[in-house]
Amino acid sequence: MRDIIISECIDLLMQHNFRLSRPLYRSCFDLLAKREDITLILKILKNIDSFSREQSLELKKLAMMIQAVPLIIGIRTRNAPMEHGVVYDRYDIKAITFETFKDYLEGSPPIVYANRGGFFVKIDGKALRKVREEKNISIGELAEAAGVSRKAIYKYENQTSNPSVEVAIKIEEYLDAPLVKGIDLFEPIKEEVKIDKEVKGLKREVINFLNILGFESLPIERAPFDVVADDKERDIILTNVDERDNIEVKKRVFFVKEIAKILNAYTLLVLEKKEREYKSVPTITKKELENMESAIELIEYIKSMNH
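Residues numbered from 1 in each chain as written. Predicted model: local features only at pLDDT ≥ 70, side-chain atom pairs only at ≥ 80, totals over all residues. Heavy atoms only, no water.

K.L.:
It is not clear to me how the pairing of strand β13 (residues 266-271) should be interpreted in this structure. Could you clarify?
P.N.:
Successive residues of a regular strand alternate their side chains across the two faces of the sheet. Counting buried positions along β13 yields 6 of 6 residues, so the element is predominantly enclosed. Alignment of strand β12 (residues 236-242) against β13, held across 6 bridges, turns out to be parallel. Counterpart to isoleucine 237 in the pairing with β13 is tyrosine 266. After leaving β12, the chain enters helix α9 (residues 247-263) and then returns to the sheet as β13, a path that is right-handed. Where β13 meets strand β14 (residues 283-285), 3 bridges bridge the pair, whose relative direction is parallel. (Buried < 20%, exposed > 50% of the residue type's maximum accessible area, 1.4 Å probe, protein only. Helix = DSSP H or I, 4+ residues; strand = E, 2+ residues; numbered from the N terminus. Pairing = 2+ DSSP bridges. Right-handed = clockwise from strand over helix to strand, strands pointing away.)

Here is the structure:
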């Protein structure tokens, strides 16, 4: 079932003019898609509750570094099948069904989100107050009609709380006005995400060197690349790290190059020892990286290797 949904997502995204890349191996993401200024990182899951907090932190941090939006496409929660048209939350990453995703791309955003206690909607508080005052309806009168407290109506108008679906329907019917807002699935993550992950060996050394040069570097546990780094100029480097070149490294580097094309990013292979010259991907030894003096110098080196 999961593979079927991945195939359906690929077809859907291609229909909507996204460029796509799919990792060869199990990864922290299943699809990376880009169209103009929208970049998506999709994770496809049978059960969205199987997605751990640690996985979410890595996915959100990666999304922030490559300026992408993470989304989970799922089938069910631990307790029940996911509802069509409802947005679920998994550690601040939006989770939806394939059908909801399809509707959104076709111009029909979802309006309902799941939270503890049931299904809720986001209401336009300013519009609510304006319509209520224009119709000379008091907060108390509206509260009675909707079956909630005066304090609840006050919170809706000040957008510090959202009503349940049932309450929102009563409010819209009583005021005879559309007030519910659609949910933006492509809203970028705004919070700062920090990951305190212990990394050892050559990967740790490479991260240290990149940070000294002025990059922010993130180790990735399960992806075609080992480290993603970006600098103040928004230059992104997808970096593979290994002791020496082998067939497995070549396979991974091939897929990283495809991802880099979509992201307009750079690729880099860092080896403990370089046994030959490489034409397909910019390659550097640990010692050569250590001797670099700035992020600009490394970017220029990568550019020169690409010609």
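K.L.:
Where do I start with the pairing of β12 in this structure?
P.N.:
With respect to burial, β12 is a largely interior element, 6 of its 7 residues being buried. Pairing of strand β11 (residues 227-230) with β12, which is carried by 4 bridges, proceeds in the antiparallel orientation. The partner of valine 228 across the bridge, within β12, is leucine 238.

K.L.:
Could you clarify how one ought to interpret the nonpolar core in this entry?
P.N.:
Buried together is how nonpolar side chains tend to be arranged in soluble globular proteins. In this structure, Phe29, Leu62, Ile66, Phe225, Val228 and Leu238 are the most contacted members of the largest nonpolar core, which totals 35 residues. Residue assignment for this core shows that the elements contributing at least two residues are β3 (38-47), α2 (53-65), β5 (86-90), β6 (93-96), β12 and α9. Here this core gets 5 residues from one element, more than from any other, and that element is α9. Not counting residues up to four positions away in its chain, the partners in contact with isoleucine 66 are Leu32, Ile41, Val228, Ile236 and Leu263. Leu13, Phe18, Tyr104 and Leu185 belong to the second-largest nonpolar core, a separate cluster that totals 25 residues. (Core = buried A, V, L, I, M, F, W, Y, C linked by side-chain atoms within 4.5 Å. Contact = heavy atoms within 4.5 Å.)

K.L.:
Sorry, what's going on with the pattern of salt bridges here?
P.N.:
Oppositely charged side chains can pair when the atoms bearing their charge come close. Applying the stated criterion across every chain yields a total of 16 salt bridges. Note that glutamate 258 is salt-bridged to lysine 261, the shortest N-O span being 3.7 Å. One end of the pair, glutamate 258, and the other, lysine 261, are both in helix α9, 3 residues apart, so they sit about a helical turn from each other. When its relative accessible area of 31% is taken as the criterion, glutamate 258 is described as partly exposed. Beyond isolated ion pairs, a larger network of salt bridges with shared partners links Arg129, Arg132, Glu133 and Glu157. (Salt bridge = Lys/Arg side-chain N within 4 Å of Asp/Glu carboxyl O.)

K.L.:
How should the packing of aromatic side chains be read in this particular structure?
P.N.:
Think of a pair of aromatic rings as described by two things: how far the centres are apart, and how the planes are tilted against each other in angle. The tally for this structure, following the rule as stated, stands at 3 aromatic pairs. Plain terms: the ring middles of tyrosine 104 and phenylalanine 186 are 4.9 Å apart, the flat faces sit at 70° to each other, and that makes the pair edge-to-face. Taken together, the residues tyrosine 104 in helix α3 (residues 98-105) and phenylalanine 186 in the loop between β9 (180-181) and α8 (201-213) connect sequence positions 82 residues apart. Taken individually, tyrosine 104 and phenylalanine 186 each receive the classification buried, so the pair is uniform in this respect. (Phe/Tyr/Trp six-rings, centres within 6.5 Å; stacked < 30°, edge-to-face > 60°.)

K.L.:
What's the story with the sheet that holds strand β7 (residues 112-115) in this structure? I'm lost.
P.N.:
As a general point, the strands of a sheet are linked pairwise by backbone hydrogen bonds and lie either parallel or antiparallel. Here 9 strands make up an open sheet; going across it, the order is β1-β2-β3-β4-β6-β5-β7-β8-β9 and the pairing mixed. The sheet terminates laterally at β1 (19-21) and β9, the two strands that pair on one side only. Each of β1, β2 (31-35), β3 and β4 (69-76) touches helix α1 (residues 2-15); the most contacted strand, β3, lies at about 160° to it. (Axes fitted to C-alpha atoms, helices over the stretch in contact; angles between N-to-C directions.)

K.L.:
Just checking my understanding: could you explain the sheet that holds β11 for this structure?
P.N.:
Spatially, the 5 strands line up as an open sheet ordered β10-β11-β12-β13-β14, and their pairing is mixed. With one partner strand each, in any of the chains shown, β10 (216-219) and β14 form the two edges of the open sheet. For this sheet the average axis-to-axis angle between neighbouring strands, irrespective of direction, equals 25°. Sheet strands touched by α9: β12 and β13. Its angle to β12, the strand with the most contacts, is close to 175°. Along the sheet face, helix α11 (residues 295-305) touches β12, β13 and β14 and points at about 100° away from the line of β13.

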